[in-house]
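Structural characterization, general
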Amino acid sequence: MDYLLHIFIMIAIYAILGLSFNLILGYTGLIAMCHAAFFAIGAYTSALLGTHFGTHFLIGIAAGMVVSGVISLLVAIPAIRVRDEYLIVTTLALLMIVYTVLMNWIDLTRGASGLSGIPRPSLFGYRISSPMAFIPLMFGFTLLVFLACWRIVYSPFGRVLRAIREDEVATESLGKDVRAFKIWVFVTGGALAAIAGSLFAHYMTYISPANFTINDTILIFAVVIIGGTANAWGPVVGAIILVSVMEALRFMEISPVIVGFTRQIAYGAILIFFMCFRPHGFLGEFAARPPKNGGKRNFSFPREEGISPRADEPRRARELFPQESVSRPAGALLRLKGVNKNFGGLKAVNDCTLDLAQGKIVGLIGPNGAGKTTLFNVVTGFYPPDSGSVTFSEKDISSLPAHRITHLGIARSFQDLRLFRNMTVLDNVLVARPRQTGENLFWIFIRPGSVSREEKENREKAMAFLEFVGLADQAGELAGNLSFAEQKLLSLARLLATEARLILLDEPASGLDSKVMENLFPLVKDLVKFGKTICIVEHNMEVIRSMVDEIVFLNEGKVLARGTPEQIMKAPELAEIYFGG
Amino acid sequence: MDLFVQLTINGLTLGSIYLLLGISWGLIFAVTRTFHFAHGATFVVAAYFTYLFQQWGQPLIFAAFGGICCAALFGVATEGLLYRYLRRAFATPLVIFIAALGILITVENLIAMGFGTDAKPLEGFPVRVIKIGRVGFNNLHVVMFVTAGVLFAALMLYLHRTKTGKALRAVISNPEMAEVIGIDVRKYFLIAFGLGSLLVAPAAVLVTIERGATPDLGHWAILYSFMPVIIGGIGSLPGAALAGIIVGLAESIGIWKISSQWQVGIAFVVLVAVLLLKPTGLFGFRVYRGKI
């Protein structure tokens, strides 16, 4: 019986480890190899406090969380700057460093001999010493961690995590500080893992570095992968499966010498098998999505053949875009002065000076390679300009990061759309909503009421944006399942949801047939009525002619000409550049 | 002073092994963009098959040759039988990484089960100590150093002077474009894995001669395979080579000041330091696709 209890306790510990790791790996897509390090830090902190100072185990757990959180913060800040492969390596380095410290800082950790005599926890004066007594404690903590993870995952914060996993660049362009989110999830995961470590230490009463090697990280990996990444129940299922396998091997007629190897081979084989045949794990990704459809609205207008945005509801649109009452600043909305951007020897943007007045639609045209998209990237902060300045509403934005620029009111679309394909249409738009209280980890737990109130409002707003582009009845569909034209509309809705004042559209017409364009572009033109300023990069001359007030002609990074469509179209030398001899 | 020279020599020999680990893994990674965690498995396959062939009566040279060939076959097989299949199923890099991890664990533990965890030696290399002044090293160290140099030079010549080498560089630079101009990228992926495995196997043989083969060498090997590549900068094979030497020197000289137990930590500290100061590595030039 004790043995079964032991299994239950180990399942609980690995469930906590898996739940915390799932936040980092499953939801955010960060391949961190160091989770066993946080497990170890929690264990050793609790153990040392318990054996040397006799601190109460709850304080030990809290201390473990703090130490683990601090260390993961120190690691995350440099590591998150770098790309995925580098993260694997950096976190592996952390794991090895922690292991080396545990082995060699003998004064503190007793090295390979480990720490023994860790006191069993006591709660309200009652000492928890038998495995039976441990069960409610383990169950309680596992439940707590599960609920915390659940709350995080189904909050706006969790939504941004999923968006980051889908497409970091797009998430950044919607105004989210991707780096901060990654750091926060890393720290949270690390702190939660420390809970498992503390419980492990107090249960086993003996720990040594051998409990916290790369093999243990691999086991945590396996728990998450096999249960199902990005699935709230996944790690629990994974823990049950893997711990059971681990213990079942004990009962097979295997000599004790090789049982360790057999176990490892079983893990390795399970990992390979699952990656080949079921990479989403047992439960897959969407099994545990809550069946909500908050803010369900009744869309009774008939859907015409093809895509038909209804621009005939001015009242609703005015609710959507309350900014038409914003006064127009005297100066230009966007001002570029002498902007240069080089790549190696290539001058992508060459001494570009440009003004964009509010309320206008400007077309940016030029042959391929003229630097149009690069200019967008510089304005929106994805590339810093090598020299020159970019000013938005009299504020210098040249050196600001992309998410801050979006916050200030500039948003852009991408040529390749960059939608969050595995998220619903509604979620795609919801992510774009600015300044969400629910994106702050603390408010999710401390002010759940106002978070859910704001979420409700955002849902309604998001649905309204979807209505504006005619996608409202696709709200629950996965973005990846939409047709190309619908995806373009979604991209526009997502953009509008950021409430940006300046909208940069990168080749909005490409890939669309003329009928769809006929429906789409009046929509875009209407945006000006609501106070938006639009800059479009396009190759399609019909679109340019019908939509824009003014054209800027770019070639080889330089602004060659500026004028009305009639003026530009008539200039033969420009035609030559554009179409060749 | 003599101690310093001694440590430098030790560092160079250690660095030679790291060099081979680095350029072999770095080649595979640059060409196929696969985080080939199972490279460590290739390493132990080379070591243990050499041992096995010797147990079956082969002299060292032939055993080594056999072990190297087996390693090359193994490397090609991981690509042809596993990675390729996963890529076709649109597996994300994470999925491929975990599968590779699975292979490493499985292979290492199969070997442990079959051979045991005690260090398996290789016979037939008479180690002769060489002394210059008060500095001592042995002929094995010289072989390591020379092997690393020769193989590195051979790789560079191959990549720059031969037709297939240039094709590999094209794939490194832009796989889609390479496909468009008629390079059979899939074939070259296999070639890259084969070459990479051929380059790492001699290092395995030499390490086994020096200290015997143990199953956990696989973990050690993969760690020291991607560290020089990351430190040197992804995309730069000379960078990886140099970084391997630097790490070897750093570890060796580090023992001077820090107790040898901490030696393992040194390499990682170097890694973290480089990443903090220059995130693309010392010589990295790769602008990764996936950014704008």
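Residues numbered from 1 in each chain as written. Chains lettered and ligands numbered in written order. Predicted model: local features only at pLDDT ≥ 70, side-chain atom pairs only at ≥ 80, totals over all residues.

Comments concerning the overall build of chain A
- Across its full length, chain A carries 23 helices and 14 strands.
- If you line up chain A on its principal axes, its C-alpha atoms span 85 × 55 × 45 Å.
- Across chain A, the fraction of contacts at a sequence separation of at least 24, relative to all contacts at a separation of at least 6, is 75%. (Helix = DSSP H or I, 4+ residues; strand = E, 2+ residues; numbered from the N terminus. Contact = placed C-beta atoms within 7 Å.)

Quick notes on the interface of chain B and chain A
- Every contact between the two is made by 35 residues of chain B and, on the other side, 36 residues of chain A.
- Of all the secondary structure elements, the ones that give two or more residues to the side of chain B that touches chain A are helix 3 (60–88), helix 4 (93–115), helix 9 (217–232) and helix 11 (263–277) of chain B.
- A class-by-class count of the residues in the side of chain B that touches chain A yields 28 nonpolar, six polar and one charged. (Nonpolar A, V, L, I, M, F, W, Y, C, P; charged D, E, K, R; others polar.)

Some words on the sheet that holds strand 6 (residues 346–356) of chain A
All names here are of chain A.
- Taken together, four strands build an open sheet; the order of strands is 6-5-8-9 and the sheet is antiparallel. For this open sheet the edge positions go to strand 6 and strand 9 (395–396), each flanked by a neighbour on one side alone.
- As judged from the two bridges shared by strand 8 (residues 387–392) and strand 9, these two strands associate in the antiparallel manner. Within strand 9, the residue paired with phenylalanine 392 across the bridge is lysine 395. (Pairing = 2+ DSSP bridges.)

Let's talk about the nonpolar core
- Grouped together as the largest cluster of nonpolar side chains are 291 residues, with contacts concentrated most on A:Leu95, A:Leu466, A:Ala493 and B:Ala46.
- Those residues within four positions of A:Leu95 in sequence are excluded, and the remaining contacts are A:Met33, A:Cys34, A:Ala36, A:Ala37, A:Ile214 and A:Thr217. (Core = buried A, V, L, I, M, F, W, Y, C linked by C-beta atoms within 7 Å. Buried ≥ 20, exposed ≤ 12 C-beta atoms within 10 Å, placed from the backbone.)

A look at the environment of A:Phe442
All names here are of chain A.
- In this structure, phenylalanine 442 sits in helix 17 (residues 441–446).
- Owing to 10 C-beta atoms within 10 Å, phenylalanine 442 belongs among the exposed residues under this scheme.
- Sequence separation between phenylalanine 442 and threonine 564 is 122 residues, and the spatial gap between their C-alpha atoms is 51 Å.

Notes on the domain arrangement of chain A
Residues and elements named next belong to chain A.
- Domains assigned within chain A are domain 1 (2–212), domain 2 (307–314 + 325–409 + 500–581) and domain 3 (421–498).
- Computed from C-alpha coordinates alone, the two centres of domain 1 and domain 3 are separated by 32 Å.
- With 14 residues of domain 1 in contact, the opposing surface of domain 3 contributes 17 residues.
- Sorting the residues of the side of domain 1 that touches domain 3 by element identifies helix 6 (131–153), helix 7 (156–166) and helix 9 (178–204) as the ones contributing at least two each.
- Counting residues per element, the side of domain 1 that touches domain 3 draws most heavily on helix 7, which supplies seven residues. (Domains from an automatic or database assignment.)

Describing helix 3 of chain B
Residues and elements named next belong to chain B.
- Its 29 residues place the ends of helix 3 41 Å apart at the C-alpha level, agreeing with the 42 Å of an ideal helix rising 1.5 Å per residue.
- Most pronounced at leucine 82, the bend in helix 3 amounts to some 30°.
- Remark: phenylalanine 90 follows helix 3 within two positions and exhibits a positive phi of approximately 55°. (Expected span 1.5 Å × (residues − 1). Bend = angle between axes of the 7 residues up to and from the residue.)

Observations regarding the sheet that holds strand 12 (residues 533–537) of chain A
Residues and elements named next belong to chain A.
- Ordered in space as 10-11-12-7-13-14, the six strands form an open sheet in which the pairing is mixed. At either end of the open sheet lies a strand with only one pairing partner, and these are strand 10 (410–412) and strand 14 (558–563). Between one strand axis and the next, the sheet turns through 20° on average, direction left out of account. (Axes fitted to C-alpha atoms, helices over the stretch in contact; angles between N-to-C directions.)

What about helix 9 of chain A?
Residues and elements named next belong to chain A.
- Compared with an ideal rise of 1.5 Å per residue, which puts 27 residues at 39 Å, helix 9 spans 39 Å between its outermost C-alpha atoms and is within 8% of the ideal.
- With respect to burial, helix 9 is a largely interior element, 23 of its 27 residues being buried.
- Of the residues flanking the end of helix 9, it is threonine 205, one or two places downstream, whose phi is positive at about 60°.

Side note on the pairing of strand 11 (residues 502–506) of chain A
Residue and element names in this part refer to chain A.
- The element strand 11 is largely enclosed, with a buried count of five among its five residues.
- Judged by which residues are buried, strand 11 turns out to be covered on both faces: Leu502, Leu504 and Asp506 on one side and Ile503 and Leu505 on the other are all buried.
- In this structure, strand 10 lies alongside strand 11, joined through three bridges in parallel fashion. If you follow alanine 411 over to strand 11, its bridge partner there is isoleucine 503.
- In terms of strand pairing, strand 11 meets strand 12 through five bridges, oriented parallel. Directly across from leucine 502, in strand 12, lies its bridge partner threonine 533.
- One crossover worth recording links strand 11 to the parallel strand 12 by way of helix 20 (residues 514–527), and it is right-handed. (Right-handed = clockwise from strand over helix to strand, strands pointing away.)

Considerations on the packing of helix 16 (residues 425–432) of chain A against helix 18 (residues 448–469) of chain A
Residues and elements named next belong to chain A.
- Packing of helix 16 against helix 18 leaves a shortest axis separation of 9 Å and a crossing angle of 115°. Considering their axes alone, helix 16 and helix 18 lie roughly perpendicular with respect to each other. Regarding helix 16 and helix 18, the two cross each other, and that crossing is right-handed. Residues Val425, Leu426, Val429 and Leu430 of helix 16 pack against Asn458, Arg459, Ala462, Phe465 and Leu466 of helix 18.
- Class assignment for the residues of the contact of helix 16 with helix 18 results in seven nonpolar, one polar and one charged. (Parallel < 35°, antiparallel > 145°, perpendicular 65-115°, else oblique. Left-handed = near helix turned anticlockwise from the far one by under 90°.)

Structural notes on the environment of B:Ile231
Residue and element names in this part refer to chain B.
- Structurally, isoleucine 231 is set in helix 9.
- Isoleucine 231 gets classed as buried once you count the C-beta atoms within 10 Å, which come to 30.
- Between the C-alpha atoms of isoleucine 231 and phenylalanine 152, which are 79 residues apart in sequence, the distance is 18 Å.
- Setting aside residues no more than four positions away along its own chain, isoleucine 231 makes contact with Ala243, Val247, Val270, Leu271, Val274, Gly281 and Leu282.

As for the pairing of strand 5 (residues 334–343) of chain A
Residue and element names in this part refer to chain A.
- In this structure, strand 5 lies alongside strand 6, joined through seven bridges in antiparallel fashion. When the bridges of strand 6 are listed, leucine 336 appears paired with leucine 354.
- Taken together, strand 5 and the strand that follows it, strand 6, pair antiparallel across an intervening segment of two residues, in which glycine 344 is found at a positive phi of about 60°.
- Here strand 5 pairs with strand 8 via five bridges, running antiparallel. The residue of strand 8 that forms the bridge with leucine 336 is valine 390.

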